[in-house]
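# What the coordinates show
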Amino acid sequence: MKKLIVLSAAAIAIAACCNQPKFDGPVYLNPNAPVEERVEDALSRMTMEEKVGMTTAQSKFSSRGVPRLGIPEVWHTDGPHGIRPEVLWDDWDQAGWTNDSCTAFPALINLAATWDKEMSLLYGRSIGEEARYRKKDILLGPGINICRTPLNGRNFEYMGEDPYLAGKMVVPYVKGVQENGVAACVKHYAVNNQEFQRTQSNSVVDDRTLYEIYLPAFKAAVVEGDAWAIMGSYNLYNGQFNCHNKRLLCDILKGEWGFDGVVVSDWGGCRVSEEAVKYGLDIEMGTWTNGLRGAASDSYRNYHMADPYIKGLREGRYTTEELDDKARRILRTIFRTSMRPEPNYGRFVCPEHYQAAREISAAGVVLLKNEDNVLPLNVPEGGKIVLVGENVVKKMVVGGGSSNLKTAYEVNPLEGIRNAFGDKAQIVWERGYVGDIGRSYNRVDTGQDLTDNRSPKELIASAVEAAKDADYVIFIGGLNKSAHQDNESTDRYDTFLPYAQEDVINALAEVADKFVVVNISGSPVSMPWADKADAIVQGWYGGTESGNALADVLTGKVNPSGRLPFSIPFKYEDGPIKTEAQYPGIKEEDDQYWQTHYSEGVYVGYRWYDSKDVPVQWPFGHGLSYTTFEYSNAKASKPVMKKGGTIKVSVDVTNTGDVDGAEIVQLYIADPQASIDRPAKELKGFEKVYLKAGQTAQVTFEIAEDALSWFDAEKHAWVAEPGEFQALFAASSKDVRAMASFELK
Ligand code: GLC
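On a predicted model such as this, the values are computed, not experimentally measured, just so you know. Throughout, a residue's number is its position along its own chain's written sequence, starting from 1. For a predicted model such as this one, the threshold for reporting local features is a pLDDT of at least 70, and the threshold for listing and counting side-chain atom pairs is 80 or more; totals across whole chains, interfaces and linings nevertheless cover every residue. By convention in this description, side-chain values take in all heavy atoms of the structure and omit both hydrogens and water.

## Focus: the overall build of the protein chain
Stated formally: Each helix is a run of DSSP H or I of at least 4 residues and each strand a run of E of at least 2, with the numbering of both proceeding from the N terminus. In this treatment the radius of gyration is a C-alpha quantity, and the globule benchmark scales as 2.2 Å times the residue count to the 0.38 power. Relative accessibility under 20% of the residue-type maximum defines a buried residue, over 50% an exposed one, and the middle range a partly exposed one, all with a 1.4 Å probe and only protein chains included. Contacts: residue pairs with any heavy atoms within 4.5 Å of one another. Only the protein chains shown count as cover for residues, with accessible areas throughout obtained via the Shrake-Rupley method and a probe of 1.4 Å. Lys and Arg are tallied as positive, Asp and Glu as negative. Neither His nor the chain termini are counted. Think of each charge as sitting on NZ of Lys, CZ of Arg, CG of Asp or CD of Glu.
Helix and strand counts for the protein chain come out as 18 helices and 29 strands. For a compact globule of 745 residues, the expected C-alpha radius of gyration is about 27 Å, and the protein chain comes in at 26 Å, within 12% of that figure. Each of the three principal axes of the protein chain carries a C-alpha extent, and together these read 85 × 65 × 65 Å. With 745 residues in all, the protein chain has 64% of them scored as buried. Within the protein chain, residue pairs in contact and separated by at least 24 positions form 75% of the contacts whose partners lie at least 6 positions apart. With an accessible surface of roughly 26,500 Å², the protein chain has 51% of that area assigned to carbon and sulfur atoms. When the 80 basic and 103 acidic side-chain charges of the protein chain are each reduced to a single mean position, those positions are 5 Å apart.

Okay, structure coming up:
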């Protein structure tokens, strides 16, 4: 009791000195008392059962509060791209509310492709406002798992193949969300890089690879972004399930990184009661106990950390030490979110969010090829544009798994391009091929009937006929959110276009005057037909304003500045994954789980292609503009960088074209004298620089030893070895424009 009085006195003193209105209630209810005091005060008032209660779900997307003390329950919501519609208490299906049609923001791979930290902050603030308005406390996103294989079904939800890019892009998103008093729950921690057997596969990863490739983005989210929540992933790492993995959660996340927030399980990711208690899980969600259907009305009591936990505590098998730590973390989250000091109410489906979605999506569109500058579109008055493909019209926000959204509207490319041209040009749509006519997911329906019973031959003939007299033929195809495309719980079978789209592209190339291909996908698509097109655009799932964003780029209203967040290989086999053991993993007869061996080590994405001189179709970081840029005058601020110090490296960039534009200047570091095998170069900086036609700007990076280091697993430490280093200034991982070298002493 004494401790309690002391705490209250301190709180009152603080209140008094900051002339806050005197608060005479209990400390935990005082919004202006320091969070830690509120936590300790609340904890001291809670029973054991109440503490245990908070550690598990009470419905599909909520976990308990403490009703007796007026501490609210915690509301979790998908997803990374927008606020999922309200679902039924015990089911995935939407509940049919009429006030929860949200803004669908671009897929996170689209955000990553902007290479623009400002866009990421805008994104986080906007989606955080929508979560707050919908009274949600934990946003189950962003996802930042590295694109280790182009086949991963969830690459569209993540931020590409490079840990530095993902780390720099996730931090502003997390900050933007949390400014709204909503916890970002960064997922899926960790080494969760495939959907195949995602709940039954064990990732076998050496420490250097773990620390250099798969942890950095999570570390950035926690240490730089101050993320308040982390989601454990379904898979195992080193033989232990990640929702209660001692090494990942206790030793690294909460130990090395000092994470003070909550670890939330993926839905059904908690598998072992004893481990859940001891190895760092704080909130158990979605567990498949004896099923929620037909079980006891409150089968949530069967959760690992529900009645079994209480039983274990009463029998003395567990101490209250772990329990108090879980409860503290949950209370801290509640005092940061629903019981936060300053009331704010967010905004929902407002013009600013639609504009943000449009700007972010357009800023991530990547111009891969533009022969004879056929883009931006230059259509004579009354000219004709023929749009061919299912993705000209298919609504893409519905489906794909837990990132499924119900929106007030979604602008598809046909509508976007028609909006752009009005009656100035004739815009004709031809189906070209039939892919996936699915239209609903979890009872969210696009309202589209894409049925078309014509044969492929008829569809192509019709498209070719329409294309003959067109000024422009624009094929808009790619992938979609159906199974074995960009879709949670399944992976793709290869990196080529499905539905025989190549036949349509080849047929159109024969007759088209100016031929543009837009590939809409969330993961790398190989393009053996690339020579057939005059221009190629990598479009993304751009969300509510997707069609307008694409049109903004095609018409030149927005000068493209998107850059690839992953490498696009000529074919999957060119990549670093050569064996079944690497992907999808192997399961020996006496193995309980699949074993996925990350034996390519750090050679992921461009690290592989560049170090092994394997040509790629489109390199990591690649993207054209409607103008051109030149780099010059690369230099280091001094010839020697002292250990423990920093050094500045800079380059001049000139817009040598005749339209204003933005260049993403990429800084890669090479360590030619490394004593160990290192990738040829690694991304350690990027800056988006806007340049008017003819303008030159100097771009400077200040780097420290962490940009030069590799992870020495034996020493369990980062090592920057003395010797020469090269600062490579590049327009892509394969397009180094200038270099400055210096020595680390
Ligand atoms: C899903 C996903 C996760 C999502 C959660 C709740 O299985 O893996 O990303 O947030 O369950 O829907």
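Back to the text.
## Some points on empty space enclosed by the protein
Stated precisely, the cut-off is as follows: Put simply, the grid is 1 Å and covers the protein atoms alone, a cavity is a trapped set of points that fit a 1.4 Å probe, a pocket is an open set with protein on both sides within 12 Å along at least five of seven lines, and lining residues have an atom within 4 Å of a point. Grid points are joined across faces, edges and corners, and a volume is the space filled by probe spheres set on the points. Gly is put with the polar residues, along with every residue not named as nonpolar or charged; the nonpolar set is Ala, Val, Leu, Ile, Met, Phe, Trp, Tyr, Cys and Pro, and the charged set is Asp, Glu, Lys and Arg.
Scanning the model with the defined rule gives 6 cavities of 30 Å³ or more in all. Lining the largest cavity are 15 residues, with R148, T149, P150, P576 and Y609 sitting closest to its centre. Looking at the lining of the largest cavity residue by residue, the classes come out as 9 nonpolar, 4 polar and 2 charged.

## Things to note about the sheet that holds strand 17 (residues 514-520)
What counts, and what does not: One bridge is not enough; two strands pair if DSSP finds at least two bridges between them. Note on geometry: axes are C-alpha line fits, over the in-contact stretch for helices, and angles between N-to-C directions span 0 to 180 degrees.
Strand order across the open sheet formed by 6 strands is 11-18-17-16-12-13, with mixed pairing between neighbours. Each edge of the open sheet carries a strand with a single partner, namely strand 11 (366-370) and strand 13 (425-430). Adjacent strand axes in the sheet meet at a mean angle of 20° when their direction is disregarded. In this sheet, strand 18 (residues 535-539) lies alongside strand 11 in antiparallel orientation, the contact comprising 4 bridges. Each bridged residue has a counterpart across the sheet, and for V366 the counterpart in strand 18 is Q538. Here helix 16 (residues 501-511) sits on the sheet and contacts strand 12 (383-388), strand 16 (472-478) and strand 17; the angle it forms with strand 16, its principal contact strand, is near 170°.

## A closer look at the environment of M48
Mapped onto the elements, M48 comes out in helix 3 (residues 48-54). Judged by its relative accessible area of 23%, M48 falls in the partly exposed class. Spatially, the C-alpha atoms of M48 and K557 are 61 Å apart, while their sequence positions differ by 509 residues. Filtering out sequence-adjacent residues up to four positions away, M48 remains in contact with I310, L313, R314 and L323.

## Here's the deal with the packing of helix 7 (residues 207-214) against helix 9 (residues 246-256)
Our working rule: Angles are sorted into four bins: roughly parallel if under 35 degrees, roughly antiparallel if over 145, roughly perpendicular if 65 to 115, and oblique for all others. For any pair of crossing helices, the crossing counts as left-handed if the nearer helix is rotated counterclockwise from the farther one by less than a right angle, and right-handed if it is rotated clockwise.
Two elements in contact, helix 7 and helix 9, have axes separated by 15 Å at closest approach and are oriented at 55°. Here helix 9 runs oblique to helix 7, going by the angle between their axes. Taken as a pair, helix 7 and helix 9 cross one another with a handedness that is right-handed. Mapping the contact onto sequence places D207, L210 and Y211 in helix 7 and R247, I252 and E256 in helix 9. A class-by-class count of the residues in the contact of helix 7 with helix 9 yields 3 nonpolar, no polar and 3 charged.

## Some words on the pairing of strand 28 (residues 723-732)
Burial runs high along strand 28: 9 of the 10 residues are buried. Pairing between strand 23 (residues 661-670) and strand 28: 5 bridges, direction antiparallel. Opposite Q666, over in strand 28, you have A730 as the bridge partner. Across 9 bridges, the pairing between strand 28 and strand 29 (residues 735-744) is antiparallel. Across the sheet, residue Q726 finds its bridge partner in strand 29, namely S741. Count of turn residues in the strand 28/strand 29 antiparallel hairpin: 2 residues.

## A short note on the pattern of salt bridges
Where we set the bar: The working definition used for a salt bridge is a side-chain nitrogen of Lys or Arg within 4 Å of a carboxyl oxygen of Asp or Glu.
On inspection of all chains with the given rule, the structure shows 56 salt bridges. Notably, a salt bridge pairs K51 with D324, separated by 2.8 Å at the nearest N-O pair. Of the two residues, K51 sits in helix 3 while D324 sits in helix 12 (residues 320-336), which places them 273 residues apart along the sequence. Residue K51 is classed as buried on the basis of its relative accessible area, which comes to 12%. The salt bridge partner of D78 is K187, with a shortest N-O separation of 3.8 Å. Of this pair, D78 sits in the loop between strand 3 (74-77) and helix 4 (108-112) while K187 sits in strand 5 (residues 183-189), and the two are 109 residues apart along the sequence. Taken individually, D78 and K187 each receive the classification buried, so the pair is uniform in this respect. Taken together, the salt bridges that share partners define one network made up of R154, E157, E195, R198 and E488.

## Regarding the site of the ligand
The line we're drawing: Whether a residue is near a molecule or strand is decided by its heavy atoms; if any one of them lies within 4 Å of it, the residue is near. Polar contact is the term for a pair of N or O atoms within 3.5 Å; when the atoms are in protein, one must be able to donate a hydrogen and the other to accept it, and sequence-neighboring residues count only if both atoms are side-chain atoms.
Neighbouring the ligand are 15 residues; D78, K187, H188, Y234 and D266 lie closest to it. Within the side chain of R154, an N or O atom sits 2.9 Å from an oxygen atom of the ligand. Contacts to the ligand include E488, whose side-chain N or O atom sits 3.1 Å from an oxygen atom. A total of 310 Å² of accessible area belongs to the ligand in isolation, and the protein chains cover 98% of it. A breakdown of the residues in the shell around the ligand according to their chemical character gives 6 nonpolar, 2 polar and 7 charged.

## Observations concerning the layout of surface pockets
The calculated volume of the largest pocket comes to roughly 740 Å³. Y164, P216, E224, K684 and D706 are the residues nearest the centre of the largest pocket, which is lined by 28 residues in total. Taken together, the elements giving at least two residues each to the lining of the largest pocket come down to helix 6 (163-178), helix 7, helix 8 (216-224), strand 24 (682-691) and strand 25 (696-704). The element that contributes the greatest number of residues to the lining of the largest pocket is helix 8, accounting for 5 residues. Looking at the lining of the largest pocket, its residues break down into 15 nonpolar, 3 polar and 10 charged.

## Some details on the packing of aromatic side chains
For any two aromatic rings, the description comes down to two numbers: the centre-to-centre distance and the angle of the planes. Worth spelling out the cut-off: Note on aromatic contacts: the rings of Phe and Tyr and the six-membered ring of Trp form a pair at centre separations within 6.5 Å, being stacked when their planes are under 30 degrees apart, edge-to-face when over 60 apart, and tilted otherwise. We call a charge positioned above a ring when the Lys NZ or Arg CZ atom is no farther than 6 Å from the ring centre and deviates by at most 35 degrees from the ring normal.
Scanning the model with the defined rule gives 27 aromatic pairs in all. Aromatic pair Y214 and Y598: ring centres 5.1 Å apart, planes at 80°, arrangement edge-to-face. Of this pair, Y214 sits in helix 7 while Y598 sits in the loop between strand 19 (594-597) and helix 18 (606-611); the two residues are 384 residues apart in sequence, bridging distant segments of the chain. By relative accessible area, Y598 is classed as buried at 3%. Ring pairing ties together the aromatic residues W115, Y164, Y606, F620, Y668 and F686, which thus form one cluster. We note K117 situated over the ring of F686; from NZ or CZ to the ring centre the distance is 4.7 Å.

## A short note on helix 13 (residues 351-364)
This is how the line gets drawn: For a helix, the expected span equals 1.5 Å multiplied by the residue count minus one.
Its 14 residues place the ends of helix 13 20 Å apart at the C-alpha level, agreeing with the 20 Å of an ideal helix rising 1.5 Å per residue. The element helix 13 is largely enclosed, with a buried count of 10 among its 14 residues. The set of residues buried in helix 13 consists of H353, Y354, A356, A357, R358, I360, S361, A362, A363 and G364. Buried positions along helix 13 lie against helix 4, helix 5 (117-133), strand 11, helix 17 (546-554) and strand 24.

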